[in-house]
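# Inside the fold
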Amino acid sequence: TNKVGFFGIVSTSTISNLGMTNLDITTTGVYVGGFVGLLTANSTVTNCYTTGNVSGGGSAVGGLVGNNDGGTVSNSYSTASVTGSGSYVGGLVGYQNNSPIINSYSTGNVTRSSGGSTNYGGFVGYNADLNVRMATFPRNGVRGYQLRKFENFPSVFLAFLAAFFLRNVLDYQL
């Protein structure tokens with residue numbers, strides 16, 4: 001099954017103030033999230049959270065959102081443990097493209113199961129842009145091939161530095 005989550009697809013909608021606890025999602029499909037499988041353009045997930053376990057065998061597996069393709073995630077978090085054997089597996093979002101993540105964090109373990117999987121991250125599995133602001137990165141680390149492709153690291157790290165600078169310097173000058 002593809003596009004798996006409490007909401008399979010969220011398109012041009014806003015979901016807010018909702019939590020999903022004790023998740024136990026296991027599938028071989030693509031776009032698997034504890035909360036949303038596929039978040040599309042002009043959609044927002046805000047003040048939401050997930051706990052439990054999310055496991056996917058295909059691409060784009062995340063604790064909160066599997067594939068964020070143009071939507072916005074803000075003030076949300078995931079403590080879910082995430083396991084994947086496909087590409088793009090992350091603690092909060094599996095695959096991130098042209099999509100802001102604002103004031104959000106993940107703390108669950110991210111584990112590579114069997115297979116030739118790539119692009120794992122404790123926060124985002126693959127970040128195709130630099131649009132992450134005020135994010136907190138996981139403290140539990142990633143199991144398996146963390147940041148196997150080095151291209152993940154610069155975008156997330158630079159976003160973290162930018163967020164730190166904006167929060168700690170520019171906020172006080174406004």
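Predicted model only: the values in this text are computed from it and were never measured.

## Looking at the overall build of the chain
Check the secondary structure of the chain and you find one helix and 19 strands. For the chain, buried positions account for 45% of its 174 residues. With an accessible surface of roughly 7800 Å², the chain has 50% of that area assigned to carbon and sulfur atoms.

## A few points about the side chain of serine 74
Its location among the elements puts serine 74 in strand β8 (residues 72–74). A polar contact is formed between the side chain of serine 74 and the side chain of threonine 46, at a distance of 2.9 Å. Discounting residues that sit within four places of it in the chain, serine 74 has contacts with Val45, Thr46, Asn47, Ile102 and Ser104.

## Some details on the packing of aromatic side chains
Geometry of an aromatic ring pair is reported as the spacing of the ring centres plus the angle between the planes. Applying the stated criterion across every chain yields a total of seven aromatic pairs. The interplanar angle of 75° and the centroid separation of 5.6 Å between the aromatic rings of phenylalanine 7 and phenylalanine 35 together place this pair among those described as edge-to-face. Remark: phenylalanine 35 occurs in the loop between β3 (32–33) and β4 (36–40) and phenylalanine 7 occurs in strand β1 (residues 7–10); sequence separation between them is 28 residues. Among the aromatic residues, ring-to-ring pairing joins Phe6, Phe7 and Phe35 into one connected group.

## Description of the sheet that holds strand β17 (residues 124–127)
Sheet architecture is open: five strands sit in the order β1-β4-β7-β12-β17, paired in parallel fashion. Of all the strands in the sheet, just β1 and β17 have a single pairing partner and so form its edges. Neighbour-to-neighbour, the strand axes of this sheet turn through a mean angle of 10°, independent of strand direction. For β1 and β4, the ladder comprises three bridges, and the chain directions are parallel. Residue pairing for β4: phenylalanine 7 is matched across the bridge by valine 36.

## Remarks on the sheet that holds strand β6 (residues 61–62)
The strand order β3-β6-β11-β16 describes an open sheet built from four strands, whose pairing is parallel. Each having just a single partner strand, β3 and β16 (120–121) make up the two edges of the open sheet. Taken together, the two bridges between β6 and strand β11 (residues 89–90) define a ladder with parallel strand orientation. Paired with glycine 62 across the strands is glycine 90, a residue of β11.

## Notes on the side chain of threonine 40
Within the fold, threonine 40 resides in strand β4. The residues touching threonine 40, leaving out its near neighbours within four places in the chain, are Ile9, Val10, Ser11, Thr12, Asp69, Gly70 and Gly71.

## What to know about unusual backbone geometry
Phi is positive for lysine 3, which is not a glycine, with a value near 60°. Relative to the helices and strands, lysine 3 resides in the segment before β1. Given a relative accessible area of 32%, lysine 3 falls into the partly exposed group. Even without glycine at this site, asparagine 98 takes up a positive phi of about 55°. Mapped onto the secondary structure, asparagine 98 falls in the loop between β12 (93–97) and β13 (101–102). By relative accessible area, which is 58% here, asparagine 98 ends up exposed.

## Description of the environment of glycine 34
As for its position among the elements, glycine 34 is in the loop between β3 and β4. Contact partners of glycine 34, with chain neighbours within four places excluded, come to Gly5, Phe6, Leu23, Ile25, Thr50, Val54, Gly62, Gly63 and Leu64.

Cut-off values and rules
Along each chain, the written sequence defines residue order, and numbers are assigned to residues from 1. Where totals are concerned, whole chains, interfaces and linings use all residues; where local detail is concerned, this predicted model gives features only for residues with pLDDT of at least 70, and gives and counts side-chain atom pairs only at 80 or more. With hydrogens and water set aside, each side-chain value is computed from the structure's full complement of heavy atoms. Every helix listed is a DSSP run of H or I at least four residues long, and every strand listed is a run of E at least two residues long, numbered separately from the N terminus. Exposure is judged per residue with a 1.4 Å probe applied to protein chains only, and the accessible area is read against the type maximum: over 50% gives exposed, under 20% gives buried, and values in between give partly exposed. Note on areas: Shrake-Rupley with a 1.4 Å probe; residue coverage comes only from the protein chains shown. Polar contacts, as counted here, are pairs of nitrogen or oxygen atoms within 3.5 Å of one another; within protein the pair requires one atom able to donate a hydrogen and one able to accept it, and residues that are adjacent in sequence qualify only if both atoms are side-chain atoms. Contact between two residues is taken to exist if any of their heavy atoms lie within 4.5 Å; hydrogens are not considered. Any Phe, Tyr or Trp ring, taking Trp's six-membered ring, that has another such ring centre within 6.5 Å forms a pair; planes under 30 degrees apart are called stacked, those over 60 apart edge-to-face, and the others tilted. Pairs of strands are assigned from DSSP output, requiring at least two bridges between the strands. Only the contacting stretch of a helix is used when fitting its axis, a line to C-alpha atoms as for every element, and angles between N-to-C directions run 0 to 180 degrees.

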